[in-house]
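Per-entry structural report
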Amino acid sequence: MSSLGEPNLIAIAGFLIFIALSLGITYVAAKRTHSADQFYAAGSSITGLQNGLALAGDYMSAASFLGIAGLVALSGFDGLIYSIGFLVGWPVVMFLIAEPLRNLGKYTFSDVVAFRLRQTPVRVAAACGSLAVVGFYLIAQMVGAGNLIRLLFGMPYELAVTIVGTVMLAYVLFGGMVATTWVQIVKAVLLLMGAFLLAMMALARFDFNPLALFRAATDRYGEAVLGPGQLVSDPLDSMSLGLALMLGTAGLPHILMRFYTVPDAKTARTSVIYATGFIGFFYLLTFILGFGAMVIVGQPEIRAIDAGGNMAAPLLAEAVGGQAFLGFITAVAFATILAVVAGLTLAGAAALSHDLWVHVVRKGRALEAEELKVARASTVLLGVMAIGLGMAFKGQNVAYMVGLAFAIAASANFPALLLSMFWRGFTTRAAQTSMLTGTIASLGLIYLSPTIQIDMLKNASAPFPLRNPGLVAIPLSFAVAIVVSLIWPEPDAAAGFDAVEARIHVGVDHSKAPARH
Amino acid sequence: MHNVDDMRVLDSARWRIAISLTAAMMVLYFGFILLVAYNKPLLTRLIVPGLSVGVLLGALVIVAAWVLIWIYVRWANRHYDAALAAIVERR
């Protein structure tokens, strides 16, 4: 019988130690965070290895740790498709985005899109895209956090959401990017260690041979668990989700923002090497964790605790390492949530303060002290909103919101970002329309999809057949960008491309950078 | 003007490599997804007890992502950085 959901002293102790440690980091970071550059970009002083770990900590959510392990435990091979999908976006980030972004921007990805275009319209559209991604991702994380903590500790949902929101707010508000980075680094190390230990303890029962573990799974559940099943019944649906995951990673504002924390483009390159190494290793471990839970804990036992399988990894920890190890893994899951929501909140605050306040409201004439104040006020606003949204969406199925956030990132942010760096003919009007098209198409199509129409509104059918809007919204956004650019050329923007070419490889000292308004 | 031309050559070389490698990743990943969708019997087939074609190919997609990144980084560290340094020095 599992003791999940009962107060676990080691879990609570581990969780308190993590909070104490992370608030200590925040205290130290707060003493350094007196400038906008420190608040948004940690003074560009993070090393490649540190940023690689922080990227991994920003990206590997509790949903991937607990959700994918559970999916693999309950449906075998089908769960692996998600593991793989979440990794393949990283090469795209490396090849197309990381280095040019570092050289062209300052704090947000809108800096790059707006570099040679008219500031106001581009910033407004980019901030909408960023905030939509951050909003849906935050809701998914907060609701997930509330449910997980209730299942893990037996704590009331509202209390859990409030604690997560408040602690995260403390990191970002006082420690800015410095504290957020170190919380993400500590979390990444804990998560990688925890997942590795758990996988090894499970494999120890199979002479450290993964094939023996998989064989035990086929002996008990049949050979079908190692092949595609029902989850991927519609090929177009899987293509759509795959495309959104792959290109969406390169459009996630909280991930893109991390590339400004390193001193130069070469370090940005190094950080993606580390990040992809860590993240790929982690997702390979989820193969072992999922099948380990399937065999050692058993599918009926996993379903009995949570029908979605989210408790597979904690149950496995309890089965192979007892109460103490369950406590450790539980504390790691908590740390994981905190690090991701902190990164999201910081990215949202940067969109509100740096993009909307400084460049739209104040037309680039705000003093740094003012920008910092607005950034902190935005952080408080987003933190309170995160707690409020977490409570508002209690008990609702929000799993689709992560896929939606990736679809918006891929269709609203990614095309404009890529074209602004790559194509001389790209225009302000094209950036604006393609970003709005991506956002609106993603939202509209998800509303018409079976996820909302059939699963939530209980209608008999859905007007749009795909569960993820990516396959339509991404090409549509690219097409709009290209057509609008060709119909209404913008000579100033084309002339400004010379400056892009001059800077995309060598970067510039930001204190001397001119801005167009 | 010579310098600007060299930079343009380097710029187009970088985009060419970046786009080719991105295309390679997309072909591999979507090839895998299409197999999952259209050839379930192949992916379910066992190579040895405990290892199906599907699980092996899935793990290989992750390895392929690493290999493509390794190819890019090797090119960037050896060729791109040196060419860029030469152009910047001549300024």
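Everything quoted here is computed from the prediction, not taken from an experiment.

This brings us to the overall build of chain B. Across its full length, chain B carries 3 helices and 2 strands. Along chain B, helices and strands appear, N-terminal first, in the series α-α-β-β-α. If one aligns the C-alpha atoms of chain B with their principal axes, the spans along those axes are about 60 × 20 × 10 Å. Split into buried and exposed, the 91 residues of chain B put 26% on the buried side.

Our focus in this paragraph is the overall build of chain A. Helix and strand content of chain A: 21 helices and 0 strands. Here the C-alpha atoms of chain A give a radius of gyration of 22 Å, agreeing with the 24 Å that 2.2 N^0.38 yields for 517 residues. Here the C-alpha coordinates of chain A stretch approximately 70 × 50 × 40 Å along the principal axes. Counting only residues that meet the buried cut, chain A has 64% of its 517 residues in that class. Residue pairs at least 24 apart in sequence account for 84% of intrachain contacts in chain A once pairs closer than 6 positions are excluded.

All names here are of chain A. Unusually for a residue other than glycine, Lys 363 sits at a positive phi of about 50°. Mapped onto the elements, Lys 363 comes out in the loop between helix H15 (312-361) and helix H16 (368-392). One non-glycine residue with positive phi stands out, namely Lys 458, at about 60°.

Here we take up helix H5 (residues 77-87) of chain A. For H5(A), the buried fraction is high: 11 of the 11 residues fall into the buried class. Those residues of H5(A) that fall on the buried side of the exposure criterion are A:Phe77, A:Asp78, A:Gly79, A:Leu80, A:Ile81, A:Tyr82, A:Ser83, A:Ile84, A:Gly85, A:Phe86 and A:Leu87.

For the rest of this paragraph, the subject is the environment of A:Leu173. Residue and element names in this part refer to chain A. On the secondary structure map, Leu 173 appears in helix H9 (residues 157-203). On the basis of neighbour count, Leu 173 is assigned to the buried category, with 22 C-beta atoms found within 10 Å. As a C-alpha pair, Leu 173 and Ser 378 span 205 residues in sequence and 9.2 Å in three-dimensional space. Leaving out residues up to four positions away in the same chain, Leu 173 has contacts with Arg 376, Thr 379 and Val 380.

As a further point, take the interface of chain A and chain B. Between chain A and chain B, the contact holds 39 residues from the first and 40 residues from the second. Contributions of two or more residues to the side of chain A that touches chain B are made by H5, helix H6 (89-104), helix H10 (210-221), helix H11 (235-248) and helix H13 (265-297) of chain A. Considering only residue class, the side of chain A that touches chain B consists of 27 nonpolar, 7 polar and 5 charged.

Once that is clear, we can look at the nonpolar core. Residue and element names in this part refer to chain A. Ala 293, Ala 313, Leu 316, Leu 338 and Val 341 are the most contacted members of the largest nonpolar core, which totals 230 residues. Top contributing element to this core by residue count: H15, with 32 residues. What Val 341 contacts, discounting residues up to four positions off in sequence, is Leu 138, Gln 141, Met 142, Val 164, Met 168 and Ala 386.

On to the confidence of the model for chain A. Of the residues in chain A, 97% have a pLDDT of 70 or more, and the chain-wide mean is 90. The low-confidence segment residues 511-517 of chain A, where pLDDT is below 50, has 7 contacts with residues more than four positions distant or belonging to other chains.

What follows covers helix H20 (residues 470-487) of chain A. Across its 18 residues, H20(A) extends 25 Å between first and last C-alpha, which sits within 8% of the 26 Å expected from 1.5 Å per residue. The inward-facing, buried residues of H20(A) contact H11, helix H17 (400-422) and helix H18 (428-448) of chain A.

Right, let's talk about the environment of A:Asp237 for a bit. Residues and elements named next belong to chain A. Locating Asp 237 in the fold gives a position in helix H11. The spacing of Asp 237 and Pro 450 is 213 residues in sequence and 11 Å in space, taken between C-alpha atoms. For Asp 237, the residues in contact, after removing those within four places along its chain, are Leu 466, Arg 467 and Asn 468.

Let us look at the confidence of the model for chain B. Per-residue confidence for chain B averages 90 on the pLDDT scale, and 98% of its residues sit at or above 70. Across the whole predicted complex the pTM is 0.93, and at the interface the ipTM reaches 0.94.

This brings us to the environment of A:Ser442. All names here are of chain A. Turning to its location among the elements, Ser 442 is positioned in helix H18. Exposure remark for Ser 442: the 33 C-beta atoms within 10 Å place this residue in the buried category. Taking the C-alpha atoms as reference, Ser 442 lies 36 Å from Ser 35; in sequence the two are 407 residues apart. With residues near it in sequence (within four places) discarded, Ser 442 still touches Leu 404, Ala 407, Ile 408, Ser 411, Pro 469 and Ala 473.

Looking now at the packing of helix H1 (residues 9-32) of chain A against H9(A). Residues and elements named next belong to chain A. Interhelical geometry of H1 versus H9 gives an angle of 105° and a closest axis separation of 8 Å. One element, H1, and the other, H9, form an angle in the roughly perpendicular class. Between H1 and H9, the contacting residues are Ile 19, Leu 21, Ser 22, Leu 23, Ile 25, Thr 26, Ala 29, Ala 30 and Arg 32 on the first element and Val 167, Ala 170, Tyr 171, Phe 174, Gly 175, Gly 176, Val 178, Ala 179, Trp 182, Val 183 and Val 186 on the second.

Criteria and thresholds
- Residues numbered from 1 in each chain as written.
- Chains lettered and ligands numbered in written order.
- Predicted model: local features only at pLDDT ≥ 70, side-chain atom pairs only at ≥ 80, totals over all residues.
- Helix = DSSP H or I, 4+ residues; strand = E, 2+ residues; numbered from the N terminus.
- Buried ≥ 20, exposed ≤ 12 C-beta atoms within 10 Å, placed from the backbone.
- Rg over C-alpha atoms; globule rule 2.2 N^0.38 Å.
- Contact = placed C-beta atoms within 7 Å.
- Nonpolar A, V, L, I, M, F, W, Y, C, P; charged D, E, K, R; others polar.
- Core = buried A, V, L, I, M, F, W, Y, C linked by C-beta atoms within 7 Å.
- pLDDT = per-residue confidence, 0-100.
- Expected span 1.5 Å × (residues − 1).
- Axes fitted to C-alpha atoms, helices over the stretch in contact; angles between N-to-C directions.
- Parallel < 35°, antiparallel > 145°, perpendicular 65-115°, else oblique.

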